[in-house]
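The lines below spell out each chain.
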Amino acid sequence: MASLERARIGRFTWNALRYGIGPLGGLIVPWIVISHSSVELWGEVVMLLILVQVAAHIIQWGSKDILLRAYAREPDRVGVLTTSSAATRSLLFGVCIAIIGLLGFGPMQLHVHLVGPWLLAVVAYGSVEAWIIWTKRFARTFLSDLGGMVAQVTMLLFLRPLTAELVIGSFLLGTAVRFGLLAATNAGDMPLSNEGRMDFKRHIVQALPFFLTGFSGLLASRIDLYSANALLDRGDVGRYQVVTSVFLQFQALAALITTPMTRDLYRLRAGGVARFAVRLRTGALIGLLSMAVIAWTLLTFFFHFELDWTIIAAGCLLVWPVFAYVPLITPLYKQGHERTVMHANFAAAALNGILTWTLMPHVGIAGGMLAAAAGQWLMLLWVRRQFQRMHHAMPTM
């Protein structure tokens, strides 16, 4: 039992370090761009970050969740399933690249020659995310992510002048190094198989609910940033992205805690999940003041932003609901309630979008964050209501 506990703590620690690379890079990269150039340049890059994020999500097409479920049902065919998924979704990559290429001929400065390879690297790395979680290879993944971040930061620190093209190139380099190191450190173990074939029924049709759930979640959490890109000037867009990113990193702590337990959450009955969720949201509530202090310190002294207290308060309201509902989503997936999560996400996205367009022109950054927080609270109420229904219908532990 002691060895099992040590192994679990080790996996959690490596996964925590792995997830810590994202927030660290998410702070260092914009800080370098803003301090060595301007917040306006960062605001220009944000538009391309949005483009790649949305395109990558479309190409992934719910692959992580459908593969995790498939691994659980067919654990001896992990390589075949992963290869089949990648082969099937390669068609989506071709469509997205064609659309980006066509848009690049218009007035939009999309830097297609860099955005295309960057998107390919993002998709390649994302294609093995389910395998990483299933096999719990968090240590090697952390080292790969660390190498990618070091490569990107080094490029930004030593090459001048900083331009949008150079910043995009740094993202391409960082992602390519991450995937390259992951492949090198797992040589011979990567989930590849000559038997993998295109399977539209499994990886497109059956994955559609997972894609729609994830896409709706993306809209629910980021539609305020997409709206800011249309409502605010480049400088304010850059500031808004940095402020919201700080609080989104706190939200990511919920995934940091639950991801290593994905397999366990699939096996627990509703009562066990409910008890875990209570502990998680209570811990988050206790830590909320510390999160607020850290956020204010970073944004005030690191980025030199002058912020009203309402922005910090809105950020806290944005963070806490995620800790309350994230553990409840896995059992909903297990019982086939993907549509419930999808409907909750779309409702949250709609509320977020409406409030953002209403508040942001008048209140600015605080208005967008309050709108985003309202969406997360609606998400919590929706998911919790469905979980309670399922809980009453199932035997508990």
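Each chain has its residues counted from 1, following the order in which its sequence is written. At least 70 in pLDDT is required for a residue's local features to be given in this predicted model, at least 80 for side-chain atom pairs to be given and counted, and no such filter applies to totals for whole chains, interfaces and linings, which use all residues. Here the side-chain values reflect all heavy atoms present in the structure, with hydrogen atoms and water set aside.

A. Just the overall build of the chain, in detail. Comment: elements are numbered from the N terminus, with helices defined as DSSP H or I runs of at least four residues and strands as E runs of at least two. For the chain, the count of helices and strands is 16 helices and zero strands. Computed over C-alpha atoms, the radius of gyration of the chain comes to 21 Å, within 12% of the 21 Å expected from 2.2 N^0.38 for 397 residues, which places it in the range of a compact globule. The contact definition used throughout considers only heavy atoms, calling two residues in contact when any of these lie within 4.5 Å. Contacts in the chain between residues far apart in sequence, at least 24 positions, make up 84% of those at least 6 positions apart. When the accessible surface of the chain is totalled, it reaches about 17700 Å², and 67% of it is carbon and sulfur. Based on C-alpha atoms, the radius of gyration is set beside the globule rule, defined as 2.2 Å times the residue count to the power 0.38. Using a 1.4 Å probe, accessible areas were evaluated by the Shrake-Rupley method; residue-level cover was limited to the displayed protein chains.

B. The arrangement of unusual backbone geometry in detail. That bond from R160 to P161 is cis: its omega, 0 degrees, falls within 30 degrees of zero. Of note, W61 is a non-glycine position whose phi angle comes to about 50 degrees, a positive value. Structurally, the position occupied by W61 is in the loop between helix 2 (39-60) and helix 3 (63-73). Each residue is placed in one exposure class: buried if its accessible area under a 1.4 Å probe, protein chains only, is under 20% of its type's maximum, exposed if it is over 50%, and partly exposed if it falls in between. Exposure remark for W61: the relative accessible area of 15% places this residue in the buried category. Of note in the backbone geometry, H304 takes a positive phi value of approximately 60 degrees without being a glycine. Its location among the elements puts H304 in the loop between helix 13 (270-302) and helix 14 (309-334). Note on H304: relative accessible area 62%, which makes it exposed.

C. Here's a closer look at the packing of helix 10 (residues 208-231) against helix 15 (residues 338-363). Running from N to C, helix 10 and helix 15 cross one another at 5 degrees; their axes reach a closest spacing of 7 Å. The angle between helix 10 and helix 15 places the two elements in the roughly parallel class. Classification convention: Asp, Glu, Lys, Arg as charged; Ala, Val, Leu, Ile, Met, Phe, Trp, Tyr, Cys, Pro as nonpolar; all other residues, Gly among them, as polar. Class assignment of the residues belonging to the contact of helix 10 with helix 15 gives a composition of 17 nonpolar, eight polar and two charged. Under this scheme, a helix contributes an axis fitted over its contacting stretch, all axes are lines through C-alpha atoms, and angles between N-to-C directions fall in the 0 to 180 degree range. Every angle not falling under 35 degrees, over 145, or within 65 to 115 is termed oblique; those three ranges are roughly parallel, roughly antiparallel and roughly perpendicular.

D. Looking closely at helix 4 (residues 78-103). Its 26 residues give helix 4 an end-to-end C-alpha distance of 37 Å, which sits within 8% of 38 Å, the value for a rise of 1.5 Å per residue. For a residue, the bend is simply the angle between two axes, fitted respectively to the seven-residue segment ending there and the seven-residue segment starting there. Within helix 4, the axis deviates most sharply at S90, by approximately 30 degrees. One fewer than the residue count of a helix, multiplied by 1.5 Å, yields its expected span.

E. Representation of the packing of aromatic side chains in the model. In summary, the pairing rule links any two rings of Phe, Tyr or Trp, Trp by its six-membered ring, whose centres are within 6.5 Å, and it sorts them by plane angle into stacked for under 30 degrees, edge-to-face for over 60 and tilted for everything else. By the definition in use, this model includes 11 aromatic pairs. Cation placement over rings: the criterion is NZ of Lys or CZ of Arg within 6 Å of the ring centroid and within 35° of the ring normal. Between the NZ or CZ atom of R178 and the centre of the ring of Y125, over which it lies, the distance is 4.1 Å.

F. Broad picture of the confidence of the model for the chain. Mean pLDDT over the chain: 83, with 90% of residues reaching 70 or higher. Within the chain, no element has a lower average pLDDT than helix 12 (residues 262-267), which sits at 64, and none a higher one than helix 7 (residues 138-158), at 91. Scored from 0 to 100, pLDDT records how confident the predictor is in each individual residue.

G. The arrangement of the side chain of T83 in detail. Along the polypeptide, T83 turns up in helix 4. Any pair of N or O atoms that falls within 3.5 Å is considered a polar contact. Within protein, one atom must be able to donate a hydrogen and the other to accept it, and sequence-neighbouring residues count only if both atoms are side-chain atoms. Looking at T83, its side chain comes within polar contact range of the main-chain oxygen of G79, at 2.9 Å.

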